[in-house]
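# Descriptive analysis of the structure
This is what each chain is made of:
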Amino acid sequence: MIANFHTHTNYCDHAKGSPEDCVLAALEAGLSELGFSEHIPYIFPDGHESGFRMKRADLKAYVEDVKALKVKYADKIKIHLGLEVEYYPALFDRTMESVKGLGIEYILLGQHFLNDKETVHGCSPKAEEEHIKTYTELVCEGMRRGVFTYLCHPDMINYVGDDEIYKKYAKIICETAKECDVPIEFNLLGYLTGRCYPNEKFFSVVAEVGNDVVLGIDAHEPERFYQKETELSAIKFLNSLGITPKEKITIKKPF
Ligand SMILES: [Zn+2]
Ligand SMILES: [Zn+2]
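Residues numbered from 1 in each chain as written. Chains lettered and ligands numbered in written order. Predicted model: local features only at pLDDT ≥ 70, side-chain atom pairs only at ≥ 80, totals over all residues. Heavy atoms only, no water.

The protein atoms that coordinate the zinc ion (ligand 1) are E84 (OE), H112 (NE2) and H153 (NE2), at distances spanning 2.1 Å. Mapped onto the polypeptide sequence, the residues donating to the zinc ion (ligand 1) form the spacing pattern E-x27-H-x40-H. (Donors = N, O, S within 2.8 Å, 3.2 Å for Na, K, Ca; no water.)

The structure is reproduced here in C-alpha cells:
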C-alpha cells in the first residue's frame with residue numbers, strides 16, 4: 001500500500017492522534033501519499049452539531065494543521081487535505097459552500113446515515129427493502145454529483161433480508177460507480193474489526209461489474225497504519241474474487 005486517503009484524527013470526537021501523529025505513523029508504515037478525510041461539519045437546519053463529526057469551530061485549525069504538515073513533510077510524503085462527506089440532498093450544497101475557499105483538495109463519499117436527521121445508522125441490521133433502497137439512492141445520487149474522489153465503505157448498509165434483493169441494490173451501486181468513474185473502497189477498519197462491512201456478497205458484485213477498488217485504512221488512531229497482515233489478507237481475499245486493488249488514487253477536484 002503506497003497511498004491512504006481515509007484518515008481521521010482527534011479533530012473528530014471518536015478518533016485518537018493528532019494529524020502529525022498520523023503523518024509519522026504513515027511514514028513509518030512506508031506510505032508515500034497520505035490524505036486526511038475528517039468528517040465534514042455538516043450544516044443542519046436546526047443548528048444541531050453531531051458528536052460524530054468535527055466541530056465547525058475546529059474546521060479552520062484542521063485546515064491550517066494539515067496545510068502546515070504538507071509543507072513540513074514535503075520532501076518525505078505527499079499530504080492531501082480532504083473531508084469525508086455524506087450525501088444529504090437537501091443540505092449538501094449549502095454545506096459544501098461553507099468549506100469552499102479553504103483549499104480542500106478532495107472529498108470522499110461516506111454514507112453513514114439514511115436520513116439527514118442522522119437517526120438511522122447504516123450499520124444497524126435491517127430486513128426491510130426500503131432501507132437498502134434509500135441507502136442506494138443516496139449513494140448513487142451522491143456519486144452522480146461528480147465531486148467525490150472515491151466511495152468509502154460502499155457496503156455499510158447492514159441489510160439482513162433476501163440475498164437477491166441485496167445483490168440487486170449492490171449492482172445498482174457498482175454500475176453507477178463505474179458509470180461515474182468513482183472507485184470503490186475496501187475498508188480495512190471494517191475488515192480488521194469484523195464489522196458488517198466489507199461484505200463478501202457486495203464484493204462479488206464488484207468483481208462482476210469490474211469496478212476500480214482501492215484500499216482505505218479508515219484510520220481512527222495512528223497505530224492503524226501498521227497493519228501489514230490485514231492489508232495482505234485483504235489483498236488475498238480480493239484476489240480470490242478476481243479483484244486487484246489499485247495502488248494509485250486519482251483526485252477529483254470537489255470545486
Ligand atoms: Zn465513514
Ligand atoms: Zn471514515
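On we go from here.
It is worth spelling out the pairing of strand 5 (residues 148–151) at this point. Taken together, the three bridges between strand 4 (residues 106–109) and strand 5 define a ladder with parallel strand orientation. Residue pairing for strand 5: L108 is matched across the bridge by Y150. Handedness of the strand 4-helix 4 (residues 129–144)-strand 5 crossover: right-handed. (Pairing = 2+ DSSP bridges. Helix = DSSP H or I, 4+ residues; strand = E, 2+ residues; numbered from the N terminus. Right-handed = clockwise from strand over helix to strand, strands pointing away.)

On to helix 1 (residues 19–28). Every buried residue of helix 1 is listed here: P19, C22, V23, A25 and A26. Each buried residue of helix 1 sits inside an arc of 165° when the element is viewed along its axis, so together they form one side. Each element contacted by the buried residues of helix 1 is listed here: strand 2 (33–39), helix 2 (59–72) and strand 3 (78–85). Immediately downstream of helix 1, the backbone of G30 shows phi near 85°, a positive value. (Buried < 20%, exposed > 50% of the residue type's maximum accessible area, 1.4 Å probe, protein only. Arc of directions from axis to C-beta. Contact = heavy atoms within 4.5 Å.)

The subject of this paragraph is the nonpolar core. Inside soluble globular proteins, nonpolar side chains tend to come together where they are buried. Residues Y62, L83, M143, F186, F202, F203 and F225 are the most contacted members of the largest nonpolar core, which totals 73 residues. For this core, the leading source of residues is helix 5 (residues 163–179), giving six residues. Beyond its immediate chain neighbours, meaning those up to four positions away, L83 contacts F36, S37, E38, I40, M54, Y62, V99, I104, Y106, I107 and L108. (Core = buried A, V, L, I, M, F, W, Y, C linked by side-chain atoms within 4.5 Å.)

Running from N to C, helix 5 and helix 7 (residues 200–209) point in directions that differ by 45°, and their axes come no closer than 9 Å. Judged by the inter-axis angle, helix 5 sits oblique to helix 7. Crossing of helix 5 over helix 7 shows right-handed handedness. Contacts from D163, Y166, K167, A170, K171, I173, C174, E175 and K178 in helix 5 reach K201, F202, V205, V206, E208 and V209 in helix 7. (Axes fitted to C-alpha atoms, helices over the stretch in contact; angles between N-to-C directions. Parallel < 35°, antiparallel > 145°, perpendicular 65-115°, else oblique. Left-handed = near helix turned anticlockwise from the far one by under 90°.)

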